Amino acid sequence: MADDKAPNAANSMWGGRFADRPDAIMEEINASIGFDRRLATQDIRGSQAHAAMLAAVGIISDEDHRAISQGLEEIGGEIARGEFVFRRDLEDIHMNIENRLREKIGDAAGRLHTARSRNDQVALDFRLWVKEQCEEAEAALGRLIEALLVQAKDGTETVMPGFTHLQVAQPVTWGHHMMAYVEMFRRDRSRFSDARLRMDECPLGAAALAGTGFPIDRDMTARALGFAQPTANSIDSVSARDFALEFLSAASICATHLSRLSEEIVIWSSAQFDFITLSDKFTTGSSIMPQKKNPDAAELTRAKVGRILGSLVTLMTVMKGLPLAYSKDMQEDKEPVFDAADALALALAAMTGMVADMQPNVARLREAAAQGFSTATDLADWLVRELGMPFRDAHHVTGSLVKIAEDRGCDLADLSLETMQSVEGRITQAVYDVLTVEASVRSRVSYGGTAPVRVGEQVAG
């Protein structure tokens, strides 16, 4: 919060270069404390590691190090307890913490900034934060995958219609459909893991852009902060935000998958489909229609991709024309990433809850699986397998039989053998063994197929 009666503290942080306070509009556009206060924990961690290194190599005294370390620990406590006063006139989280440290320990606080710049400081804080978000997304996806695996295991034998173009195509199992999303979300989890490995380099010590003449130990600070190694180029260290872009890209793909599953939940829970039942925990009512039970959690999750993808486009646009090294434009990097991370975390939690909550309506799923001549492909395959018919000829015969059944308002299995033989005389009674939806799914035993035996292997594996 700005303190209009405070002395020119902001300019005192800059030294003697500026004599006047910034214009009110300049302060408004320049201040980032309203959002970068979320980096307080990372900022204190970075400063603790930096101070320890400065003391270890003899740049600051052990006495100053102890004072800095104790002061930072106390500031962290103030922030955690909600007692810290964030000042807008101090611009950002770095200056707010440094100013408070000076109030607590005096001149020793000024030695903390030796051999670093706000450029590498913010690059460190932000990288630490995004790295943590990758870890949290991986964990959240793990919980969602577990919920899907439970559904898949319970639904290994449950038959449902498989769709293409949202038209009934072939029978599949509920377990097989759930495992399709398991595969999607496993890839999402691997994307966050891969991104985290690529951002596992510490930019601290790059200073403003050229490194520093002080004899710092960047390996020491990298290890202290949990990084695999320091970044290799000081210019790139303060210029790069591709770690944030990669997080947003992975988040956008994941949100797209969440949106697709949300869409199916919305469709499946409608009266027209009636494939699943959602409890009151993830639905709402209508203010005017008492019979309504709306899948609002699914709809809101479906919408989150707009925010998350928008954040990716925002940061791409900010970064696309920036020359090396640091530009103030990059202050606009955090809000979209913060917003996307929040939206993704909420969407993952909501979807995990919905997946665990939804109950497949087994009888209705089986009924729907038998509609739309879903076993037509099984008939064509039988003609190829048993009669040696070329598939294109079998396709034509099957199409003719589908047309007859459609005209009569019945299913393929309801056609008499005499009717079938009127189209292809070599068809025998054995054809009826493949025209049930259960037989259809049992026959799909190819690797990755919908046969219950294969789904069971996939769930166990």
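The residue numbers shown here count from 1 along each chain, following its written sequence. Local features are withheld for residues below a pLDDT of 70 in this predicted model, meaning they are given only at 70 or higher, and side-chain atom pairs are given and counted only at 80 or more; totals for whole chains, interfaces and linings count all residues. As a rule here, side-chain values cover all heavy atoms of the structure and leave hydrogens and water aside.

Overview of the overall build of the protein chain
Short version of the rule: Strands here are runs of E lasting at least two residues and helices are runs of H or I lasting at least four, both read from the DSSP assignment and numbered beginning at the N terminus. Both definitions apply: the radius of gyration is a C-alpha atom measure, and the globule rule equals 2.2 Å times residues to the power 0.38. Buried, partly exposed and exposed residues are distinguished by accessible area as a fraction of the type maximum, computed with a 1.4 Å probe on protein chains only: under 20%, between the cut-offs, and over 50%, respectively. We call two residues in contact whenever any of their non-hydrogen atoms come within 4.5 Å of each other. Computed by Shrake-Rupley with a 1.4 Å probe, the accessible areas treat only the displayed protein chains as cover when residues are assessed.
Scanning the protein chain from terminus to terminus reveals 19 helices and six strands. Compactness check: the protein chain gives a C-alpha radius of gyration of 31 Å against a globular reference of 23 Å for 461 residues, more than 25% above the reference. In terms of overall dimensions, the protein chain has C-alpha extents of about 100 × 55 × 40 Å along its principal axes. Looking at the protein chain as a whole, 50% of its 461 residues are labelled buried. Of all intrachain contacts in the protein chain linking residues separated by at least 6 positions in sequence, the fraction that spans at least 24 positions is 73%. Working note: accessible area of the protein chain is about 21700 Å², and carbon and sulfur atoms make up 52% of it.

Notes on the nonpolar core
Quick reminder of the rule: By nonpolar core we mean a set of buried residues, namely Ala, Val, Leu, Ile, Met, Phe, Trp, Tyr and Cys, connected to one another through side-chain atoms within 4.5 Å.
If you look at the biggest cluster of nonpolar residues, it comprises 90 residues, and the most contacted ones within it are Leu 148, Phe 185, Phe 192, Leu 258, Ile 265, Val 337 and Leu 344. Among the elements that make up this core, the one with the highest residue count is helix 11 (residues 242-268) (15 residues). Contacts of Leu 148, omitting those with residues within four sequence positions, involve Met 178, Tyr 181, Val 182, Phe 185, Leu 261 and Val 355. Grouped together as the second largest cluster of nonpolar side chains are 22 residues, Ala 376, Leu 379, Ala 380 and Val 431 included.

Re helix 5 (residues 62-80)
Put simply, the test is: Here, expected helix span is obtained from the residue count minus one, scaled by 1.5 Å.
A rise of 1.5 Å per residue sets the reference length of helix 5, with its 19 residues, at 27 Å; its end C-alpha atoms lie 27 Å apart and thus fit the reference within 8%. Every buried residue of helix 5 is accounted for by Asp 64, Ile 68, Gly 71, Leu 72, Ile 75, Gly 77 and Glu 78. Against helix 4 (40-56) and helix 6 (93-105) lie the buried residues of helix 5. A positive phi of about 75° marks Gly 82, the residue just after helix 5.

Points about the pattern of salt bridges
Here is the rule we go by: Salt bridges are defined as contacts in which a side-chain nitrogen from Lys or Arg sits within 4 Å of a carboxyl oxygen from Asp or Glu.
Summed over all chains, the structure comprises 31 salt bridges. Its salt-bridge partner being Glu 438, residue Arg 366 comes within 2.9 Å of it at the nearest N-O pair. Placement of Arg 366 in helix 14 (residues 362-369) and of Glu 438 in helix 18 (residues 437-443) is noted, with a sequence separation of 72 residues between them. The class of Glu 438 is partly exposed, set by a relative accessible area of 26%. In this structure, the salt-bridge partner of Asp 407 is Lys 403, at a minimum N-O distance of 2.9 Å. Of this pair, Asp 407 and Lys 403 are both found in helix 16 (residues 391-408), four residues apart, which corresponds to roughly one turn of the helix. Among the charged side chains, a network of salt bridges with common partners joins Glu 74, Glu 78, Arg 100, Glu 103 and Lys 104.

Re the packing of helix 8 (residues 174-198) against helix 11
As a reminder, the rule being used: Think of each axis as a best-fit line through the C-alpha atoms, taken over the contacting stretch in the case of a helix, with angles from 0 to 180 degrees between the N-to-C directions. Our angle categories are set so that under 35 degrees counts as roughly parallel, over 145 as roughly antiparallel, 65 to 115 as roughly perpendicular, and the remainder as oblique. Each crossing is labelled by how the near helix is turned from the far one, with a counterclockwise turn of less than a right angle marking it left-handed and a clockwise turn marking it right-handed. Under this grouping Gly is polar, as are all residues other than the nonpolar Ala, Val, Leu, Ile, Met, Phe, Trp, Tyr, Cys and Pro and the charged Asp, Glu, Lys and Arg.
Helix 11 packs onto helix 8 with a crossing angle of 165° between their chain directions and a minimal axis gap of 8 Å. Between helix 8 and helix 11, the angle falls in the class roughly antiparallel. Considering only the axes of helix 8 and helix 11, their crossing is left-handed. Residue-level inspection shows Trp 174, His 177, Met 178, Tyr 181, Met 184, Phe 185, Asp 188, Arg 191, Phe 192, Ala 195 and Arg 198 of helix 8 in contact with helix 11, the latter providing Glu 246, Phe 247, Ala 250, Ala 251, Ile 253, Cys 254, His 257, Leu 258, Arg 260, Leu 261, Glu 264 and Trp 268. Looking at the contact of helix 8 with helix 11 residue by residue, the class counts come to 15 nonpolar, two polar and six charged.

Structural notes on the packing of aromatic side chains
Rule in force here: The pairing test for Phe, Tyr and Trp rings, Trp by its six-membered ring, is centres within 6.5 Å, and the orientation test on the planes gives stacked under 30 degrees, edge-to-face over 60, and tilted for anything in between. A ring has a charge above it when a Lys NZ or an Arg CZ is no more than 6 Å from the ring centre and no more than 35 degrees off the ring normal.
In the structure shown here, the tally under the stated rule is 10 aromatic pairs. Relative to Phe 185, the ring of Tyr 181 lies with its centre 6.3 Å away and its plane at 25°, an arrangement referred to as stacked. Of the two residues, Tyr 181 and Phe 185 are both situated in helix 8; the distance of four residues between them amounts to about one turn of the helix. Residue classification places Phe 185 among the buried residues on the basis of a relative accessible area of 0%. With a centroid separation of 5.8 Å and 55° between ring planes, the pair formed by Phe 192 and Phe 247 is classed as tilted. Placement of the pair is Phe 192 in helix 8 and Phe 247 in helix 11, with a sequence separation of 55 residues. For the pair shown, Phe 192 and Phe 247 are each scored as buried. Against the face of Phe 227 rests Lys 131, its NZ or CZ located 4.6 Å from the ring centre.

So, the pairing of strand 1 (residues 159-164)
Applied cut-off: For two strands to be treated as a pair, DSSP must find no fewer than two bridges joining them.
Summarising the sheet, strand 1 and strand 2 (residues 167-173) pair through six bridges and their orientation is antiparallel. By the bridge assignment for strand 2, Val 159 is matched with Thr 173. Linking two consecutive strands that pair antiparallel, namely strand 1 and strand 2, is a turn of two residues; a positive phi of about 55° is found at His 165 within it.

Digging into the environment of Arg 191
When you line up the elements, Arg 191 lands in helix 8. If we skip the residues at most four places from it in the chain, Arg 191 touches Met 184, Ala 250, Ile 253 and His 257.

Quick notes on the state of the cysteines
As a reminder of what qualifies: Here, two cysteine sulfur atoms that lie within 2.5 Å of each other are counted as a disulfide.
This structure, assessed with the given rule, holds zero disulfides. Here Cys 254 is not disulfide-linked; the sulfur of Cys 134 is the nearest cysteine sulfur, at 11 Å.

Comments concerning helix 11
Here helix 11 contains 27 residues, and its C-alpha end-to-end distance of 39 Å stays within 8% of the 39 Å for a straight helix at 1.5 Å per residue. The element helix 11 is extensively covered by neighbouring structure, given that 20 of its 27 residues are classed as buried.

Examining a nonpolar patch on the surface
Our working definition: Here the term patch refers to residues with relative accessible area over 30% and no salt bridge, with like charges joined within 9 Å and nonpolar side chains (Val, Leu, Ile, Met, Phe, Trp, Tyr) within 5 Å.
A cluster of nonpolar side chains, contributed by Leu 209, Ile 235 and Leu 324, occupies part of the molecular surface with about 280 Å² of accessible area. Its place among the elements puts Ile 235 in helix 10 (residues 234-239).

Honestly, it's all geometry; don't read function into it.
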